[in-house]
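Summary of structural features
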Amino acid sequence: MADFYDAMQQGFGWQVPEYFNMAEVCSRRWAAQSDAAQRVAIFEHQAADANGHAVTPRRYTYAQLQQAADALSHVLTDLGVQRGDRVAIVLPQRFETAVAYMAVMQMGAVAMPLSLLFGPEALAYRLQDSEAVVALVDASSVSNLLAVRSQCPVLREVVGVDLSNAADMLHVDVDYASAMAAQQRSFNAVQTKAEEGAVLIYTSGTTGPPKGALIPHRALIGNLTGFVCSQNWFGFPTMNVAANKQHLPTGSTAVFWSPADWAWTGGLMDALLPTLYFGRPIVAWHGRFSPELAFTLMQQHGVTHTFLFPTALKAMMKAYPEPRHQFKLKLQAIMSAGEAVGDAVFGYCQEQLGVTVNEMFGQTEINYIVGNCAMEWGAMGEGVAAHRTNVGWPAKPGSMGKGYPGHRVAVIDEDGQECPVGVPGDVALNRYNQHGQPDPIFFLGYWKNDKSTQGKYTGDWCRTGDMAVRDEDGYLWYQGRADDVFKAAGYRIGPSEIENCLVKHPAVANAAVVPKPDAQRGALVKAYVVLAPGYDASDALVAELQVHVRGKLAPYEYPKEVEFIRELPMTTTGKVQRRVLRLQEEERAKTK
């Protein structure tokens, strides 16, 4: 379907108005519609009761979302929050979290999401560096924040949501429910320019201290082509994905869910905000992820579109090899990102879920720029056996896909020149699309760190630090982070392919491949393996895994050493931290 892809790229142009506000297009415009009191924005999934029976989810409409956002904007204004101030949102997936984003952004302030997984030290650094003036917390985050409050002199007020513990209530400044009840229900939103900062998200910091990426309001517009394509048109038969305040797309029955934390780019920019932009409901759940939870939740809520990390898909595949016999799902699209999906999981989703996974690639600074669009007529709710005709661009198992419409993506070398087909390089995005228009997806820069911002660019190319090769059809193939790719016996090794091969073995739940220092070869290929339930570590299994990989990949790629561990080190965004394992191997080598 090269003609379809080329036509989309060549015919696409960005429509970025001078004034644009994320909260306006995600909430206020829907609240102004006649069906606002019936149109659901958030379903809060509830755990089963003591007898195992499903509990009716809480249901919040767009009218309720906007009313609550207006009230919270008044609360924050009374607390002294001004345009451009940073407001920390330390909340899980819940209605009040969506309210907080809408309230902060319609004030012209900057929302700063912070993950519940952050310990006191991580919180303190981000609160200090951002100079946040107010923080919103609930029972899951209040303890860690209060533990570091004395280290954050700029943090004036802490707002507590649903705090039942009396001790916690004594140490926060404002009770959310009481403050909201005392406010009027109408707020005059600030008219922000599209170029103004909306969200400050700190990167996971795999090297050096975390950096705050300042995301402008216009970035949501830049996200839309990738979101729509990776979600197979999000339930719309045809649509104009360019942002236009007068354009209110209708006709979709999409219901979205992702376990991705709304505190991260994947949960916020790839799930919550684009779903609300299109006026559709998103399911919120802040309990522990499990394969059973994922399938049960999607069945109960009739989820049609989702974003699931490869790690989650692998766990679901291992726990439920044939879910189509156990669950009645309505899935129309699955987007996955963060790591390579691999053809084992790819095949599982096609055969068992009736959906071709659309892999996507991006990062906080320039999100949703590469991916697939396996839009298939006949696959929309008709089950696994449906006849399919692809009208997007066919996904190649293991490929990152192509640049989404409106984005000029290339693989470049150290000098900023585009690499030939098959030659590895750095995935990069140009500031301007093929028509010379500025790409709205770009971040404004790193917070108080001009040096790092400048170091991100080579001319008009913004480097991702992720390595890939381009094939003759224009598809990109991930090779790993620049600091994950290594050489062993003169061969350049990318870990993803080996990890994908290992996961195909029934004994392997997950795997990470890193170099082990070796005096003769420079490095050996080493695999850290998490075993699937029912399997035990043994020398025989090590040999079996080595033969398994050696029989499928090049001889130099099989792991010379396998170490079994209970779990892999992960970032809070669900990515494997190979760097932690690599440094561990380097330290071990020093002691020998």
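Keep in mind that what you see is a predicted model, and the values were worked out from it rather than measured. (Residues numbered from 1 in each chain as written. Predicted model: local features only at pLDDT ≥ 70, side-chain atom pairs only at ≥ 80, totals over all residues. Heavy atoms only, no water.)

Quick look at the packing of helix α12 (residues 310-319) against helix α13 (residues 342-353) now. For the pair α12 and α13, the least separation of the axes is 10 Å and the interaxial angle reads 65°. Considering how the two elements wind past one another, α12 and α13 form a crossing that is left-handed. Here α12 contributes Leu313, Lys314, Met316 and Met317 to the contact with α13, which in turn contributes Ala344, Val345, Tyr348 and Cys349. Its residues assigned to classes, the contact of α12 with α13 shows seven nonpolar, no polar and one charged. (Axes fitted to C-alpha atoms, helices over the stretch in contact; angles between N-to-C directions. Helix = DSSP H or I, 4+ residues; strand = E, 2+ residues; numbered from the N terminus. Left-handed = near helix turned anticlockwise from the far one by under 90°. Contact = heavy atoms within 4.5 Å. Nonpolar A, V, L, I, M, F, W, Y, C, P; charged D, E, K, R; others polar.)

Inspection of the entire model under this criterion finds 26 salt bridges. The closest approach of N and O atoms between glutamate 44 and arginine 58, which form a salt bridge, is 3.3 Å. A residue pair is termed long-range when its members are at least 10 positions apart, and glutamate 44 in strand β1 (residues 40-46) and arginine 58 in strand β2 (residues 55-61) qualify at 14 residues. For arginine 58, a relative accessible area of 44% gives the class partly exposed. With its nearest N and O atoms 2.8 Å apart, the salt bridge here joins lysine 396 to aspartate 473. With a gap of 77 residues between them, lysine 396 in the loop between β17 (389-390) and β18 (402-403) and aspartate 473 in the loop between β23 (461-470) and β24 (476-481) connect regions that are remote in the sequence. (Salt bridge = Lys/Arg side-chain N within 4 Å of Asp/Glu carboxyl O. Buried < 20%, exposed > 50% of the residue type's maximum accessible area, 1.4 Å probe, protein only.)

Turning to the nonpolar core, a few remarks are in order. Generally speaking, a soluble globular protein has its nonpolar side chains buried in company with each other. In this structure, Ile42, Leu72, Met102 and Leu127 are the most contacted members of the largest nonpolar core, which totals 133 residues. In terms of residue count, helix α4 (residues 95-106) provides more of this core than any other element does, nine residues in total. Leave out the neighbours within four places in its chain, and leucine 72 touches Val99, Ala100, Ala103, Leu136, Tyr176 and Met180. One finds Val255, Ile493, Leu502 and Val549 within the second-largest nonpolar core, a separate group that totals 51 residues. (Core = buried A, V, L, I, M, F, W, Y, C linked by side-chain atoms within 4.5 Å.)

Any pair of aromatic rings gets described here by the distance separating the centres and the angle formed by the planes. What the rule picks out here adds up to 21 aromatic pairs. Ring centres of tyrosine 125 and tyrosine 202 lie 6.5 Å apart, and the angle between their planes is 85°; on these two criteria the pair is classed as edge-to-face. Here the residue tyrosine 125 occupies a position in helix α5 (residues 120-130), and tyrosine 202 occupies one in strand β8 (residues 197-202), the gap between them amounting to 77 residues. Centroid distance phenylalanine 443 to tyrosine 446: 5.0 Å. Interplanar angle 65°. Geometry classified as edge-to-face. Here phenylalanine 443 matches tyrosine 446 in class, with each residue buried. Taken together through their ring pairs, the aromatic side chains of Phe227, Phe234, Phe236, Phe256, Tyr277 and Phe278 make up a single cluster. (Phe/Tyr/Trp six-rings, centres within 6.5 Å; stacked < 30°, edge-to-face > 60°.)

Right, let's get into the sheet that holds strand β29 (residues 561-564). Note on sheets: strands pair through backbone hydrogen bonds, and any given pair is parallel or antiparallel. Sheet architecture is open: three strands sit in the order β27-β28-β29, paired in mixed fashion. Edge positions in the sheet fall to β27 (508-518) and β29, since each of these pairs with one other strand and no more. Each strand axis lies, on average, 25° off the axis of its neighbour in the sheet, ignoring direction. In this sheet, strand β28 (residues 522-531) lies alongside β27 in antiparallel orientation, the contact comprising ten bridges. Bridge pairing in β28 places aspartate 518 opposite glycine 522. Its contacts with the sheet put helix α16 (residues 539-550) on β27, β28 and β29, and the angle it makes with β29 is roughly 125°. (Pairing = 2+ DSSP bridges.)

What follows deals with the side chain of glutamine 9. With respect to the helices, strands and loops of the structure, glutamine 9 is situated in helix α1 (residues 2-11). The contacts of glutamine 9, once residues within four sequence positions are left out, are Gly403, Tyr404, Pro405, Gly406, His407, Gln434 and His435.

Our next topic: the pairing of strand β5 (residues 134-138). Among the five residues in β5, five count as buried, and that is most of the element. Across the two faces of β5 the burial is the same, with Val134, Leu136 and Asp138 and Ala135 and Val137 all buried. As judged from the four bridges shared by strand β3 (residues 86-90) and β5, these two strands associate in the parallel manner. Directly across from valine 87, in β5, lies its bridge partner valine 134.

By secondary structure assignment, the location of aspartate 415 is in the loop between β19 (409-412) and β20 (425-430). For aspartate 415, a relative accessible area of 62% gives the class exposed. Sequence spacing of aspartate 415 and methionine 269 is 146 residues, and the spatial spacing of their C-alpha atoms is 31 Å. If we skip the residues at most four places from it in the chain, aspartate 415 touches Thr458 and Arg463.

Now for unusual backbone geometry. Located in the positive-phi region is asparagine 232, a residue other than glycine, with phi close to 50°. Looking at the secondary structure, you find asparagine 232 in the loop between α9 (219-230) and β10 (256-257). Asparagine 232 gets classed as buried once you look at its relative accessible area, which sits at 4%.

Over its 17 residues, helix α3 (residues 62-78) extends 24 Å from the first C-alpha to the last, a length consistent with the 24 Å expected when each residue adds 1.5 Å. Most of α3 is tucked away, with 13 of its 17 residues classed as buried. Count one or two residues on from α3 and you reach glycine 80, which has phi positive near 95°. (Expected span 1.5 Å × (residues − 1).)

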